[in-house]
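Observations on the model geometry
Now for the letters of each chain:
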Amino acid sequence: MHASDCEADDLKEFELKFQVDATSRAAVEAAVGRGRSHRARLRARYYDTEDGALAARHVVLRVRKEDGAWIQTAKAPGELPVERLEHNVELAPVRAGQQPAPRIDRHHGTPVGERIAEALREAGHTDAGAEPVLVPLYGTDVWRTMREMRSGDALVELAFDLGEVHSGERAQPLCELEIELKHGSASAMLELARRWRGRYGLWLDTVSKSARGERLARGEAFGPPVKASAPRLAEGAGGTQIFRAVLDSCLAQMLPNASEIAAGSPDPEHVHQLRVGIRRLRTALRELAELAPAIDPGWEPVLADAFHALGQPRDRMNLQQAMQPRLEALGAPPVDFGVPDAAGASDARAVVRGAALQDVLLQLIVASVADGTALGTPLATEAAGPARKLIRARLARLHHQVLRDGRRFEDLDSEAQHRVRKRLKRLRYLGEFVAPLFGRRAAQRFIEALEPVQDALGEHNDAAMAMSLYRDIASTDGAAWFAVGWLSASHPASAARCRKALERMAEARPFWNKR
């Protein structure tokens, strides 16, 4: 946004941000700088109340000098991970060397202003007539190269930023490309983004400059893992509305965790939460496909490959940090695992930055933000009835399969036992997705009844996975045979616990039959 655009601007911003590797920096900068481009130095300062009221609600307040004018900007999250509410106000000129003071009341009467007011009320700033004291927390200093270009029916702005974010004595380099939709279709804009991503090896990043500044001010390298959130689903929703809400919920979990992993986070919880998000999405693609017949069947194998690749470091880490200490307490000898702990984070980063997963993430964003043609118009209308009938059938089928195989769980082979666990997870995720359609309380009671079963099946699966890994390790370290023997001997009792938990699950009332 340039100062010359307007004195005050209230808009919904849709942009994608990509991190640029050092090896591609010069090429990206040159590509953006072609034609009628513009280069400017942007120095900004970010503000909040002393108690962090705005940051607590992910609201950003910035004052930045752009093309000789001072612009105050407030931003807040939109409905999608790649969408933000924004309001810009051009400030009165000040003397050279000075910066105008920010005022929150400049955003009154706007959607962002409402978010600011909510944040202040929650933090206890209840005096409506008093302007809260704002303090500078961090700043940015970047050289931005910009140009506009057309992609199909879309006009987009490319912005390559090179510089740093700083707080006190700390600083962190910035090298990123933003692609913002000025007007036209999101699909055309995202097709351009896909081409640039492939050409220059870019990867999606949902961490804003303000978030980096907040972390820098706190001395933190990475953000917290993001867990699943319920879809925003009205009780009368139907058809593509249901699928779109579920897709948005999955992306809201996947994209932030993927960004942290791509940046090098060693936290295994980021990997775990990304895998949960992928599993939830795969459940939606499998069980709700008829609500969105235009989805690409090519997404599933890519997501499956990423899920399994990300799981390998997790399985080995679980072996080293949980299973091995437990076995050693029982008298097992130490085992040489032969893989340094840091390898897992490196492998996960390569998976997330890889072209296959990045392209699918972009296509999922297209499906999330584009018009209904991106998902298709399956059940003809948006009436809730046909969709609810389909979902009932899916839930009933999964429920029947889990209970049927649960009664003979001990007689199943390892692959079939694992299939029971996967179906149970799909039953739980699908139930969580559609709870508003059938009543949240009844759905929650049913889902809570699944938790002991999930725990039993999860422990059983972890033991089976550990047994397989110990067998592999035993080829180079014979000490691993103790673990293989102990786990093999424990397997029947573990299977019996699973069967009993599955039998108790049969007592839970299916919530989808209530009405």
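This one's a predicted model, so the numbers in the text were calculated from it and none came from an experiment. (Residues numbered from 1 in each chain as written. Predicted model: local features only at pLDDT ≥ 70, side-chain atom pairs only at ≥ 80, totals over all residues. Heavy atoms only, no water.)

Notes on the overall build of the chain
The condition that has to hold: Secondary structure elements follow DSSP: runs of H or I no shorter than four residues count as helices, runs of E no shorter than two count as strands, and numbering proceeds from the N terminus. In this treatment the radius of gyration is a C-alpha quantity, and the globule benchmark scales as 2.2 Å times the residue count to the 0.38 power. For the exposure calls, accessible area comes from a 1.4 Å probe over protein chains only, and a residue counts as buried if that area is under 20% of its type's maximum, exposed if over 50%, partly exposed in between. Only heavy atoms matter for contacts: two residues are in contact if any of them lie within 4.5 Å across the pair.
The number of helices and strands found in the chain is 14 helices and nine strands. In summary, the chain has a C-alpha radius of gyration of 26 Å against a globular reference of 24 Å for 515 residues, a match within 12%. Overall, the chain is about 80 × 55 × 50 Å in size when its C-alpha atoms are taken along their principal axes. Split into buried and exposed, the 515 residues of the chain put 52% on the buried side. For the chain, contacts bridging at least 24 residues in sequence account for 73% of all contacts bridging at least 6.

Quick notes on the confidence of the model for the chain
Cut-off, in case you're wondering: Each residue carries a pLDDT value, the predictor's own confidence for that position, ranging from 0 to 100.
For the chain, the mean per-residue pLDDT works out to 89, and 92% of the residues sit at or above 70. Throughout residues 1-8 the model reports pLDDT below 50, and contacts reaching past four residues in sequence, or to other chains, amount to 20 contacts.

A closer look at the packing of helix α13 (residues 440-473) against helix α14 (residues 481-505)
For clarity, the threshold we go by: In this analysis an axis means a line fitted to C-alpha atoms, helices contributing only their contacting stretch, and an angle means the value between N-to-C directions, from 0 to 180 degrees. Working rule for angles: under 35 degrees goes down as roughly parallel, over 145 as roughly antiparallel, 65 to 115 as roughly perpendicular, anything else as oblique. For any helix crossing, the convention is left-handed if the near helix is rotated counterclockwise from the far helix by under a right angle, and right-handed if that rotation is clockwise. The classification used treats Ala, Val, Leu, Ile, Met, Phe, Trp, Tyr, Cys and Pro as nonpolar, Asp, Glu, Lys and Arg as charged, and all other residues, Gly among them, as polar.
Packing of α13 against α14 brings their axes to within 9 Å, and their N-to-C directions diverge by 160 degrees. For the element pair α13 / α14, the angle class is roughly antiparallel. Of the two elements, α13 crosses α14, and the hand of that crossing is left-handed. Along its contact with α13, which presents Leu450, Pro452, Val453, Ala456, Leu457, His460, Ala463, Ala466, Met467, Tyr470 and Arg471, the element α14 presents Trp481, Ala483, Val484, Leu487, Ser488, His491, Ser494, Ala495, Cys498, Ala501, Leu502 and Met505. Tallied by class, residues from the contact of α13 with α14 come to 18 nonpolar, four polar and one charged.

Some points on the pattern of salt bridges
Put simply, the rule reads: Any Lys or Arg side-chain nitrogen located within 4 Å of an Asp or Glu carboxyl oxygen qualifies as a salt bridge.
The full count for this structure, using the stated rule, is 33 salt bridges. Measuring nitrogen to oxygen at the nearest pair gives 2.8 Å for the salt bridge that ties Arg57 to Glu122. Highlighted residues: Arg57 in the loop between α2 (53-56) and β3 (60-66) and Glu122 in helix α3 (residues 111-122), separated in sequence by 65 residues. Overall, the relative accessible area of 59% leaves Glu122 in the exposed class. A salt bridge links Arg212 to Asp205, with the nearest nitrogen and oxygen atoms 2.4 Å apart. Three or more residues joined by partner-sharing salt bridges are found here, namely Lys17, Arg144, Asp161, Glu176, Glu178, Asp205, Lys209 and Arg212.

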